[in-house]
There are 4 protein chains.
Amino acid sequence: MNTFGTKFRFTSFGESHGTAIGGIIDGCPAGVELDMSFIQSELNRRRPGQSPVSTARKEDDRVEFLSGIFEGKTTGTPIAFVIWNQNQHSADYEHLKNVFRPSHADFTYQQKYGIRDYRGGGRSSARETAGRVVAGAVARQILNRKGIRITAYTSQIGPIALDNDYRKYDFSQIETNAVRCPDTEKAVRMIEFVEKMKKEGDSIGGTVTCVIEHVPAGIGNPVFGKLQAVLASAIMSINAVKGFEYGCGFNYLDCPGSELNDAFCMENGQVSTRTNYSGGIQGGISNGQPVYFRVAFKPTPSISKTQQTVNMQGEETELSIHGRHDPCILPRAVPVVEAMTAIALLDCMLNG
Amino acid sequence: MNTFGTKFRFTSFGESHGTAIGGIIDGCPAGVELDMSFIQSELNRRRPGQSPVSTARKEDDRVEFLSGIFEGKTTGTPIAFVIWNQNQHSADYEHLKNVFRPSHADFTYQQKYGIRDYRGGGRSSARETAGRVVAGAVARQILNRKGIRITAYTSQIGPIALDNDYRKYDFSQIETNAVRCPDTEKAVRMIEFVEKMKKEGDSIGGTVTCVIEHVPAGIGNPVFGKLQAVLASAIMSINAVKGFEYGCGFNYLDCPGSELNDAFCMENGQVSTRTNYSGGIQGGISNGQPVYFRVAFKPTPSISKTQQTVNMQGEETELSIHGRHDPCILPRAVPVVEAMTAIALLDCMLNG
Amino acid sequence: MNTFGTKFRFTSFGESHGTAIGGIIDGCPAGVELDMSFIQSELNRRRPGQSPVSTARKEDDRVEFLSGIFEGKTTGTPIAFVIWNQNQHSADYEHLKNVFRPSHADFTYQQKYGIRDYRGGGRSSARETAGRVVAGAVARQILNRKGIRITAYTSQIGPIALDNDYRKYDFSQIETNAVRCPDTEKAVRMIEFVEKMKKEGDSIGGTVTCVIEHVPAGIGNPVFGKLQAVLASAIMSINAVKGFEYGCGFNYLDCPGSELNDAFCMENGQVSTRTNYSGGIQGGISNGQPVYFRVAFKPTPSISKTQQTVNMQGEETELSIHGRHDPCILPRAVPVVEAMTAIALLDCMLNG
Amino acid sequence: MNTFGTKFRFTSFGESHGTAIGGIIDGCPAGVELDMSFIQSELNRRRPGQSPVSTARKEDDRVEFLSGIFEGKTTGTPIAFVIWNQNQHSADYEHLKNVFRPSHADFTYQQKYGIRDYRGGGRSSARETAGRVVAGAVARQILNRKGIRITAYTSQIGPIALDNDYRKYDFSQIETNAVRCPDTEKAVRMIEFVEKMKKEGDSIGGTVTCVIEHVPAGIGNPVFGKLQAVLASAIMSINAVKGFEYGCGFNYLDCPGSELNDAFCMENGQVSTRTNYSGGIQGGISNGQPVYFRVAFKPTPSISKTQQTVNMQGEETELSIHGRHDPCILPRAVPVVEAMTAIALLDCMLNG
């Protein structure tokens, strides 16, 4: 299953060290004038090599559209695009041909398919998410025209965590630092922490918070297409994600219903709520309040420290992963979370 | 969308105070001899009125099968079933006709559909999950024959929490107490806490932990049908769920990759891992280790304490919800988590 | 796969001699006031025992709705319904337990599932189509409000055939005779022919023509969801159907493009066509002209004449099928063709 | 909807005069060694400019694979491919920008999307089918290994028709002539007829017959996923197709059931049938006999004769289509019918 969505459908393809990665967007509304520089700028936010806290790999990540756009506008037909692979040091991976990297997908792909492209993780490489960023950047342009604003940021790296309440932060600060954290003081500490990990040949995880503002009421479905289920499915499909919570989530577990229920009130003639522990969703359907959620990312498993593992012959062995890897994936995960959120939300909206 | 799954497809129907609830299981393998008493016993675990910590409503919840079974065996054709509604005090809900209950689905259904069955929450009632328990009990019988064992339990109620490591607990103790908690001492405290909430006309949330043992390696898909995404989608479709985490989840965020990577080793001639922070899934595909996850439930929003709200005319008003409600949904949520897990896992397995 | 449609989804269940047949309609628009007597009258058109040319079986075929309707209106939630089985002479079928009826589904079900409900054909019985008629009658009410009119009629039985051009016939005559043929003279001959077949213990096939008037332009999709492909898929799912053609179909194969191209013209300020060999569909999308198609039905394979066959032990044997069967299924197929057309068309329209 | 299939899923993209056409095959089994020259030879059979009876356009139609293949074998991940567009005379189409070609998709696309790529028909061009041929050639290689053989041929062009019974023909003769007809004498007459049409600036339709040999019993589903419905849906998605019939189809309508029922018999210890009016499918499921069907194609609507039409301003006007067009699409449709058959059948088989 390499397709996400039912009305706005994104089908992804490509391996890290194959010819290209890319995808097809099917079901995109017709007549949308696409801002190509926005799409490229989103790709640039995900691109490796953009800061000292990310990998030193250089990938140009230029997107080329092959169909579905005529005279600058979408035509309602499938939008296919490719991002050519280049700057691949496939030889870097020759030593991984015969061995399973711990907490990577090497072993499970081998079990499932009996074959795997071991170069750079093949299909399981986070490089695959570049295609999602392109599709997400198309979806976001459509959502933007409806006034919907999606903002994600790094809310925790290792032990340095922001407050749960996103309203405390100034979103305009997110892109001012290498870790995409709106709290610029904590950003400095996060960067220091990541650099320490990098020096130690280690890696670190954290959380991304995402906020969707101005979602109209009525999006999502009662039972199995609940908005939170679609978002969770979209987000859990991102590499290294280990948890998803929205609204009160895993927090406030010791608070009673009388404190967590969101009292309804009237605001400018509209039904609103005094609090938003629901995270903007009630009974699977948006209620017009901001939708927000938090995502847990594990540390990237590619570390240069020596690890115990097993090879294809079923022998225990040791492994040290060389190559150019991110010591902390969070900053580059931020645009991917936004992209998957945009794809999932637009799909829900087009489903009515 | 009232269907879950692609190969083992469960379609749910029914409102709390309509004629019946039930569903259709499509794609069930043929020739399976069904243990009907197991299906009924699972329904009994979910049934209201089973203990002092749950609602006093009495619902008999007898399942009647209408098709797809011949001489005690499945035939490969759709299995339809109904659970007739009875003991409905619809008059209890007349006072809710005109008002939106806070943190319920009243307002969002009204926004989406322009009409709602206000009796007992209608389609948004947790009564709908009885149908899922039936489908789950069918799925579990098929999984059981493959040696797969699904166990869920209450791991937190309010401030009383169990340790994250499920291996510390004796699963045989789960059904010995009214809260379905394997730590029998904490179970006593949990029950006291729930009873206190009940007396105060309030409610409380918590977490359910679920463990799937003996999942074969190779289940799930690389990109969008990741096993964790399918499980998250299944679990997030349960009423009152606010979060899903698997493996290391939101915990251990301050641990580096070198500590969280699961070193591979050989065990009885099989590739195994020394730790299981991955939660049995790598790259979206099961690796043969136990799959485990934790689910956050908010307090049930039906409380008798007075609440601020708004009515259909857009006027602010007060509300106190009468009727018979669960002060804590966790114990009855345990079999629902197991059921959705079984449905989702079997579907993934049949998808190959 | 017992579900048809993606937005207006009908899931069918039930065996001929099980407890009930029925289904779930998911995705029905909310707020539609349903005319229950219309639904029942459609069921009556399909019901056996309605005339001398159909089977003598009496089936009451009363539909009971279980969900999705509140105070007479659809609520947007799944509409489940059942039709209880009764008047089953299961003993009639005991002699078929061990033998494969020629051109029936006995052998293929046994091959696929290793088990089959042999009573009255089980799931393969045309009785299953009663559920489709219910779903179709719901869909038709929604289409009717958009001004769309679906009319099917018997256009051929055995050697007695109507002209291809449906505009030559007065649709108001269709329900005036037992074979549902608008040419009342040919209807008399058709009835005589069917009665002759019945006396001989034989059966006969024919064609049904279906016309959809007032389909708005723009319905259907360019490549794989072509309107004609969705209609063909819907119609080919009806028992005994062997062929589907629309517009010029298999006719006019010796006419050049210059004769078959439908010249565009202006008519009352609207783009129209002078001819309609396209059958109202161009490039998979409706063009605003009437959509029409013709369907071939083989003779019902249940005949009392002695036939050669094979039993479960792989021995050649003879068989004579008793019981009460239709010598010609065409008249009762007419409402089924209309129902599947309505379901398919509404689904396409809701898909945008 | 530009995706066909549920397990073996082909998603198509591309416009006639855009950058490229192509697609993604998702769900292809892993470990299949692909014969690339076979894929290219299938493309060559569909390619324009291959004979005097097809268009004079030259399209090289070289396929380039971008993913999903590693060291010559499929990896189970999506197989993306492109065929670059070249030799486009876009200027040829400038005169069509403002006018609707009769019986083409210009008007319906404009109605549905409010925008269209008018160059060479854009997405509605039969050039799109080249991608299907690639996907079909992958599917056929997998089917071939299971011993399944798909053969299509031209069975009628204009008034020159072959006998219905495919067993009368020597399939080895199909590729010996420009019209792909196994009756070499009739092939000569067909070619003459097409050349006459071409000279007159006109076009002609006909039928393609397709035979699938060695389909195992048990493929397809009882109700909505009937094998014939899936095949019909696949075939009706091909440009210019107006009808689909299988087995006895629209023929033999005057024969009674006693003549058309396929008596079962034993043959080499296997259940077989003495006749095959069922076309290898009973109750939606294959019975092990050959599956065969016939497809009606209308004449290509691109003719140079002057036609009446309407322009974008709603004015009646005249049109003569220049450019290089096929006077008869049948010979080039043969590999497309085979391709869609292969895709649909493999998908059904992988669905179990």
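Here, every reference points to the structure presented above.
Scope of this entry: the structure provided in the associated data block. Since we're looking at a predicted model, the values are computed, not measured. (Residues numbered from 1 in each chain as written. Chains lettered and ligands numbered in written order. Predicted model: local features only at pLDDT ≥ 70, side-chain atom pairs only at ≥ 80, totals over all residues. Heavy atoms only, no water.)

As for the packing of aromatic side chains
Our working rule: Aromatic pairing here means that ring centres of Phe, Tyr or Trp (its six-membered ring) are within 6.5 Å. Orientation follows from the plane angle: under 30 degrees is stacked, over 60 is edge-to-face, and everything else is tilted. Think of it this way: any DSSP run of H or I at least four residues long counts as a helix, any run of E at least two long counts as a strand, and we number them from the N terminus. A 1.4 Å probe rolled over the protein chains alone gives each residue an accessible area, and that area as a share of the maximum for its type sets the label: buried under 20%, exposed over 50%, partly exposed in between. Throughout this description, the term charge over a ring refers to an Arg CZ or Lys NZ atom that lies within 6 Å of the ring centre and within 35 degrees of the ring normal.
Across all of its chains, the model carries 64 aromatic pairs over all chains by this definition. Relative to C:Phe70, the ring of B:Tyr118 lies with its centre 5.7 Å away and its plane at 80°, an arrangement referred to as edge-to-face. Of the two residues, B:Tyr118 is situated in the loop between α2 (106–113) and α3 (129–145) and C:Phe70 in strand β5 (residues 69–70); the pairing between them involves two chains. The residues B:Tyr118 and C:Phe70 share a single accessibility class, namely buried. Their ring planes at 55° and their centres at 5.9 Å tell us that C:Phe65 and C:Phe81 sit as a pair that is tilted. Placement of the pair is C:Phe65 in strand β4 (residues 63–65) and C:Phe81 in strand β7 (residues 79–84), with a sequence separation of 16 residues. On the accessibility criterion, C:Phe65 (16% relative accessible area) is buried. For D:Lys196, the ring lying beneath its charged end belongs to D:Phe193, and the centroid distance is 5.4 Å.

Thoughts on the packing of helix α3 (residues 129–145) of chain D against helix α7 (residues 330–350) of chain D
Residues and elements named next belong to chain D. Defined as follows: Axis definition: a line fitted to C-alpha atoms, over the contacting stretch in the case of helices. Angles run 0 to 180 degrees between N-to-C directions. Orientation categories follow fixed angle ranges, with anything under 35 degrees roughly parallel, anything over 145 roughly antiparallel, 65 to 115 roughly perpendicular, and all other angles oblique. Here a crossing is taken to be left-handed if its near helix is turned anticlockwise relative to the far helix by less than a right angle, and right-handed if that turn runs clockwise. What makes two residues a contact is simply this: any of their non-hydrogen atoms within 4.5 Å.
In the contact formed by α3 and α7, the axes pass within 7 Å of each other and the chain directions differ by 50°. Judged on the interaxial angle alone, α7 and α3 are oblique. Helix-helix and strand crossings are classified by hand; for α3 and α7 the assignment is left-handed. Of the residues in α7, those touching α3 at Thr129, Arg132, Val133, Ala135, Gly136, Ala139, Arg140, Ile142 and Leu143 are Pro335, Val336, Glu338, Ala339, Met340, Ala342, Ile343, Leu345, Leu346 and Met349.

Some points on the sheet that holds strand β3 (residues 20–26) of chain D
Residues and elements named next belong to chain D. For clarity, the cut-off: For two strands to be treated as a pair, DSSP must find at least two bridges joining them.
Strand order in the open sheet formed by 5 strands is β1-β2-β3-β7-β4, with antiparallel pairing between adjacent strands. Edge positions in the sheet fall to β1 (3–4) and β4 (63–65), since each of these pairs with one other strand and no more. Two elements, β4 and strand β7 (residues 79–84), share 3 bridges in a ladder whose sense is antiparallel. Its bridge partner lying in β7, Glu64 is registered against Val82.

Focus: α3(B)
Residues and elements named next belong to chain B. This is how the line gets drawn: In a helix, the anticipated span is given by 1.5 Å times the number of residues less one.
In a regular helix each residue adds 1.5 Å, so 17 residues correspond to 24 Å; α3 covers 24 Å between its end C-alpha atoms and thus fits that length. The buried fraction of α3 amounts to 15 of the 17 residues, a majority that puts the element mostly inside the structure. One or two positions beyond α3, positive phi appears at Gly147, with a value near 85°.

Describing the pairing of strand β3 (residues 20–26) of chain C
All names here are of chain C. When you tally the buried positions in β3, you get 7 out of 7 residues, the bulk of the element. Across the two faces of β3 the burial is the same, with Ala20, Gly22, Ile24 and Asp26 and Ile21, Gly23 and Ile25 all buried. As paired elements, strand β2 (residues 9–14) and β3 share 6 bridges and run antiparallel to each other. The residue of β3 that forms the bridge with Phe10 is Ile25. Relative to β7, β3 is paired through 6 bridges, and the arrangement is antiparallel. Bridged to Gly23 within β7 is Phe81.

A word on unusual backbone geometry
Residues and elements named next belong to chain D. Residue Ser103 is not a glycine yet carries a positive backbone phi of 60°. Relative to the assigned elements, Ser103 resides in the loop between β7 and α2 (106–113). Its relative accessible area of 6% is what places Ser103 among the buried residues. A positive phi angle, near 55°, is found at Arg180, a position not held by glycine. Within the element layout of this structure, Arg180 appears in the loop between β9 (160–161) and α4 (184–199). Here Arg180 falls in the buried class, since its relative accessible area comes to 5%.

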